[in-house]
Amino acid sequence: MKHENERIPGSEGLRLAVSLLTVVPVRCGRVDREIARRAMTLAPVAGLLVGGAAAVVVTVAGRLGAGPLLGAAVAVGAMALLTRGLHLDGLADLADGLGSGRPAEDALSIMKRSDIGPFGVITLVFTLLIQVAALAQAPHRAVAVTVAAVTGRLAVTWACRAGVPAARPEGLGALVAGTVRLRDGVAATAAVVVAAAVAGLLAGGARPAVLAPVATAAGLLVAAALLRHAVRRLGGVTGDVLGALVETSTTAAIVVLSVA
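Residues numbered from 1 in each chain as written. Predicted model: local features only at pLDDT ≥ 70, side-chain atom pairs only at ≥ 80, totals over all residues. Heavy atoms only, no water.

Participant: I keep staring at the overall build of the protein chain and nothing clicks. Help me out?
Facilitator: What the protein chain contains, in helices and strands, is 12 helices and 0 strands. Taking 18 Å as the expected radius of gyration for a compact globule of 260 residues, we find that the protein chain reaches 18 Å, a close match to that expectation. Once the C-alpha set of the protein chain is aligned to its principal axes, its extents read approximately 55 × 50 × 30 Å. Contacts in the protein chain between residues at least 24 apart in sequence constitute 73% of all its contacts with a sequence separation of at least 6. Working note: accessible area of the protein chain is about 11,900 Å², and carbon and sulfur atoms make up 66% of it. Taken together, the 23 basic and 15 acidic charged side chains of the protein chain have centroids lying 7 Å from each other. (Helix = DSSP H or I, 4+ residues; strand = E, 2+ residues; numbered from the N terminus. Rg over C-alpha atoms; globule rule 2.2 N^0.38 Å. Contact = heavy atoms within 4.5 Å. Areas by Shrake-Rupley, 256 points an atom, 1.4 Å probe, with all protein chains shown as cover. Lys, Arg positive; Asp, Glu negative; His and termini not counted. Charge placed at Lys NZ, Arg CZ, Asp CG, Glu CD.)

Structure representation (structure tokens):
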């Protein structure tokens, strides 16, 4: 008989997903690969929290008279704050590591440094500029930022699927790599695609209803290409790789939705 205060595994997985992927202070119980599997499968839910908050920000900014560019900048900034900037930091670290052109061990060592090199700075600047510019242009900004944030975390689900190794024997990558079952990734993707289509339909009709799932697909394709390159160069995934996938997938999705 379970203790009355024991949390069910599904709840633990959601708590871990929110704890790892957002700034929301939640307590996690036991943390092992089974809980990590559930957490990475539920990663899009954490994206919904981040994207939903950014949607509120961009909507309120618009109603207060802020222009599209300012509203988009504030919303993108809100997403960074809600994730402690960890995904952006991962993107910069991966850019420095891959940009060095060095062997895997040396590249991983570069990625662990606390400073950001020129490749990281350039990548961050262009990524944030593209996100802000694309979101400012999107006809349905609240839907665009929400779908993009969820897509970014869905990319993490797929990066943690069975068969993808960890680059290091310790750290976040070692905990979550290879944990997500294929059928769970497919189910999570189907749920996100349907939700994106419905959100697009409610926001603006048939065109955004079609473009929202297309944006999700585009984000996943870009993330898959980056994941493949990172695994080939580094030997597997790390926490920095996962963070970089979030930002690249989010960016690609926003770009597609900017023409909705």
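Participant: Sorry, what's going on with the side chain of Thr189 here?
Facilitator: With respect to the helices and strands, the residue Thr189 is situated in helix H10 (residues 182-204). You can call Thr189 buried: its relative accessible area is 16%. In this structure the side chain of Thr189 is engaged in a polar contact, spanning 2.7 Å, whose partner is the side chain of Trp158. The residues contacting Thr189, other than those within four sequence positions of it, are Leu154, Trp158 and Leu220. (Buried < 20%, exposed > 50% of the residue type's maximum accessible area, 1.4 Å probe, protein only. Polar contact = N/O pair within 3.5 Å; in protein donor to acceptor, adjacent residues only side chain to side chain.)

Participant: Explain the side chain of Ser258 to me, please; I cannot follow it from the model alone.
Facilitator: Assignment of secondary structure puts Ser258 in the segment after helix H12 (239-257). With relative accessibility at 9%, the residue Ser258 sits in the buried group. Separated by 2.5 Å, the side chain of Ser258 and the backbone oxygen of Val255 make a polar contact.

Participant: Please clarify how the environment of Asp96 should be interpreted in this entry.
Facilitator: Here Asp96 lies in helix H5 (residues 86-99). Taking C-alpha positions, Asp96 is 5.1 Å from Phe119, a pair spaced 23 residues apart along the chain. In contact with Asp96, other than residues within four places in its own chain, are Ile110, Ile116, Gly117, Pro118, Phe119 and Gly120.

Participant: Explanation requested: a nonpolar patch on the surface in the structure shown.
Facilitator: Where nonpolar side chains cluster on the molecular surface, the patch consists of Ile116, Val121, Ile122, Val125, Phe126, Leu129, Ile130 and Val255 and spans about 690 Å² of accessible area. Element by element, the count of residues in the nonpolar patch is highest for helix H7 (residues 118-137), at 6 residues. Inspection of the secondary structure puts Ile116 in the loop between helix H6 (104-112) and H7. Assessed through its relative accessible area of 37%, Ile116 is described here as partly exposed. (Patch = residues over 30% accessible without salt bridge, like charges linked within 9 Å, V, L, I, M, F, W, Y side chains within 5 Å. Salt bridge = Lys/Arg side-chain N within 4 Å of Asp/Glu carboxyl O.)

Participant: Explain the pattern of salt bridges to me, please; I cannot follow it from the model alone.
Facilitator: Note that side chains of opposite charge can pair when their charged atoms are close. Here the structure, examined in full by the defined rule, presents 4 salt bridges. The partner of Arg38 in a salt bridge is Glu34, with the nearest N and O atoms 3.2 Å apart. Here Arg38 and its partner Glu34 are both found in helix H2 (residues 33-41), 4 residues apart, which amounts to about one turn of the helix. Here Arg38 falls in the partly exposed class, since its relative accessible area comes to 28%. The exposure class assigned to Glu34 is partly exposed, which follows from its relative accessible area of 32%. Each member of the salt-bridge network shares a partner with another, and the members are Glu34, Arg37, Arg38, Arg181 and Asp184.

Participant: Whenever I open this one, helix H8 (residues 141-159) confuses me. Can you help?
Facilitator: Because each turn of an α-helix spans 3.6 residues, side chains separated by three or four positions in sequence point in the same direction. Taking 1.5 Å per residue, 19 residues should reach 27 Å; H8 reaches 27 Å between its end C-alpha atoms and fits that length. Burial of H8 is extensive: 16 of the 19 residues sit out of reach of the surface. (Expected span 1.5 Å × (residues − 1).)

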